[in-house]
Amino acid sequence: MADGSQAIFSALDNAKTQLYHFKAIVIAGMGFFTDAYDLFCITAVTKLIGRLYYYDPIKNEPGKLPTNVSNAITGVALCGTLAGQLFFGWLGDKLGRKHVYGITLVTMVGCAVASGLSFGSTAHSVIASLCFFRFWLGFGIGGDYPLSAVIMSEYANQKTRGAFIAAVFAMQGIGILVAGAVSMIVSKAFLVAYKAEVFSQNHVLSTQPQGDFVWRIVLMFGAVPAMLTYYWRMKMPETARFTALVKGNHEKAAVDMAKVLEQDIRHGLQLLGTTSTWFLLDIAFYSLQLTQKDIYPAIGLVPKASTMNAIEEVYKISKAMFLVALFATVPGYWFTVFLIDRIGRFIIQLGGFLLMSIFMAVIGFLYDDLRGDKKKCPKESTNEFCEGKPYLFAVLYGLTLFFANFGPNSTTFIVPAELFPARFRSTCHGISAAAGKAGAIIGAFLVQSYTQNVGDIKRAIVALSMVNLIGFFLSFLIPETKGKSLEQLSGEDQNGGDGEGGVKTDEKFSP
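Residues numbered from 1 in each chain as written. Predicted model: local features only at pLDDT ≥ 70, side-chain atom pairs only at ≥ 80, totals over all residues. Heavy atoms only, no water.

Colleague: Could you give an account of the state of the cysteines, naming the residues involved and the relevant values?
Modeller: The tally for this structure, following the rule as stated, stands at one disulfide. Between the sulfur atoms of Cys377 and its disulfide partner Cys386 the distance amounts to 2.1 Å. Judged by the torsion about the S-S bond (110°), the Cys377/Cys386 disulfide is right-handed. On the basis of relative accessible area, Cys377 is assigned to the buried category, the value being 15%. Residue classification places Cys386 among the buried positions, given a relative accessible area of 10%. Counting only cysteine sulfurs, Cys131 is the nearest neighbor of Cys79, a cysteine outside any disulfide, at a range of 9.8 Å. (Disulfide = S-S within 2.5 Å. Buried < 20%, exposed > 50% of the residue type's maximum accessible area, 1.4 Å probe, protein only.)

Structure (structure tokens):
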């Protein structure tokens, strides 16, 4: 490695934590805040959209989205995210992190606003335009995954690199929390202004027409934090590692990428490890997140739909979403931030996968007893299920989310930003993240279809437990990255900085 490049990397690795580190965390983290808000706010409003556009007067129940429509609304953004991760991950290595960073942000802002303006004179046309804009919203979100992770890893010093990347990713938890809070505030304001009887008293007037503004405002708010950070994102300089190792030598980068995928066994196995574990994790994680609206009644956080009007239901669901995020989701992210550079990525990932598997197995096998039974509820009861164990159910569900975030949901994001050489670090992170979104798509389209009856739900939860257990064993393909420089991990400290060498293939890594 050239002496000049070595001096740059040494200065970055040994730099004291300074203001620019925290500034980078905030700028990159607000992207993830926006990503999480946009992906998960839909959970709070899907039942409202069902009441507004799919009410059938023949049925004695509130309007409900057909399974395929519900899956499409929640899953189409994930499809866009997968495509965006691959495309922008590759583009970030070709054009530079900074230049592509602005494109993703503009895409997110425009499509978040357009999602709320979804137009049409029929239910099908509104849903079609909503799905169209949410696909492209996901496309922009997808670009933020590899770029935010790589920018933070290349800015950070060696000692606290894991905590800095984890802090960026932890903004996902804040985004989920704020999605619940915004939905709660908007729905409460409309609920006070437009009172209505509950569904059991008036089937038609229980769905306020003004509810059509509620879901649109909630979706459009996702553009606000992205707009606030656009200026600062554009002012960020290109990372020194990209400039020193990649800029102006794209042909060499393409050759090195081919070498990794075809010849380099070590990095090939590591890429297999990062893609497979992220894929398996997201099947379970997104199944848990996207089906929250169905789990809340089972754990007693939301009463049955017939005892609420349309906007009241949004308020109750978003309140439950906020509480779960506050007490289970967000703490898990920040436990990772504070402990990852002390105990390492490997232990956190193994422990998270194993404990998720155990808790989900318990929920699956005891599901009937935990949830209770509709038939055991008195006629006047406001609960969807009765004679279950809602507090135990809530604790087990909360612990599963906690150890997902103080576990593989954080580490699968962090490690791909550290393992691979700078020439294709963004590309490899994009490939790993795209594999994760492929798992999320399975969660959105396949697992959600198994939430219609008790037997299917039990089998789905037990299957997710096994998915986590497989992730536990595949984690052994991934080395510990704590305490090593990016150049040590990638082999660039030996022969990657002068443009003449690729990655080193004979060095052994072990967890």
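Once you've had a look at it, read on.
Colleague: Residue-level account of the confidence of the model for the chain, with values.
Modeller: The predicted model of the chain has a mean per-residue pLDDT of 84, with 86% of residues at 70 or higher. With pLDDT under 50 throughout, residues 259-263 is counted as low confidence; its partners more than four residues away or in other chains account for eight contacts. Residue range residues 496-511 is modelled with pLDDT below 50. Its contacts to residues more than four positions away, or to other chains, number 50 contacts. (pLDDT = per-residue confidence, 0-100. Contact = heavy atoms within 4.5 Å.)

Colleague: I'd like to hear about the packing of aromatic side chains, residue by residue, with values.
Modeller: One pair of aromatic rings is described through two measures. These are the centre distance and the angle between the planes. Across all of its chains, the model carries 33 aromatic pairs by this definition. Summarising the aromatic geometry, the rings of Phe40 and Tyr286 are spaced 5.6 Å apart at their centres and angled 20° between planes, so their arrangement reads as stacked. Remark: Tyr286 occurs in helix H12 (residues 265-290) and Phe40 occurs in helix H2 (residues 19-40); sequence separation between them is 246 residues. The same class applies to Phe40 as to Tyr286, namely buried. Ring centres of Phe472 and Phe473 lie 5.2 Å apart, and the angle between their planes is 85°; this geometry places the pair in the edge-to-face category. Taking relative accessible area as the criterion, Phe472 reaches 16% and is therefore assigned buried. Grouped by ring-pair contacts, the aromatic residues Phe32, Tyr145, Phe169, Trp278, Tyr333 and Phe413 constitute a single cluster. Positioned above the aromatic ring of Tyr315, the side-chain terminus of Lys188 is 5.1 Å from the ring centre. (Phe/Tyr/Trp six-rings, centres within 6.5 Å; stacked < 30°, edge-to-face > 60°. Helix = DSSP H or I, 4+ residues; strand = E, 2+ residues; numbered from the N terminus. Lys NZ or Arg CZ within 6 Å of the ring centre and 35° of its normal.)

Colleague: How would you explain the nonpolar core if you had to name every residue and give the values?
Modeller: Of all hydrophobic cores here, the largest spans 130 residues; its most connected members are Tyr145, Met152 and Phe413. Broken down by element, this core gets its largest block of residues, 16 residues, from helix H7 (residues 161-193). Each residue touching Phe413, except ones within four places of it in the same chain, is listed here: Phe32, Tyr145, Ala149, Ile165, Phe169, Trp278 and His429. The next biggest cluster of nonpolar side chains, apart from the first, holds seven residues, and it includes Leu271, Leu419, Phe424 and Cys428. (Core = buried A, V, L, I, M, F, W, Y, C linked by side-chain atoms within 4.5 Å.)

Colleague: Which residues make up the packing of helix H3 (residues 42-53) against helix H8 (residues 211-220), and what values go with them?
Modeller: Running from N to C, H3 and H8 cross one another at 155°; their axes reach a closest spacing of 10 Å. Regarding the angle of H3 to H8, the classification is roughly antiparallel. In this structure, the crossing between H3 and H8 has a hand that is left-handed. Note on element contacts: H8 touches H3 through Gly211, Asp212, Val214, Trp215, Arg216, Val218 and Leu219, opposite Ile42, Val45, Leu48, Ile49, Leu52 and Tyr53. Taken together, the residues that form the contact of H3 with H8 break down as ten nonpolar, one polar and two charged. (Axes fitted to C-alpha atoms, helices over the stretch in contact; angles between N-to-C directions. Parallel < 35°, antiparallel > 145°, perpendicular 65-115°, else oblique. Left-handed = near helix turned anticlockwise from the far one by under 90°. Nonpolar A, V, L, I, M, F, W, Y, C, P; charged D, E, K, R; others polar.)

Colleague: Which residues make up the packing of helix H5 (residues 97-116) against helix H9 (residues 223-235), and what values go with them?
Modeller: Between H5 and H9, the least distance of the axes is 9 Å, while the angle of their chain directions is 160°. Here H9 runs roughly antiparallel to H5, going by the angle between their axes. Read as a crossing pair, H5 and H9 show a hand that is left-handed. Taking contact as the criterion, the partners of Lys98, Tyr101, Gly102, Thr104, Leu105, Val106, Val109, Ala112 and Val113 in H5 are, on H9, Ala223, Ala226, Met227, Thr229, Tyr230, Arg233 and Met234. Broken down by class, the residue content of the contact of H5 with H9 amounts to eleven nonpolar, three polar and two charged.

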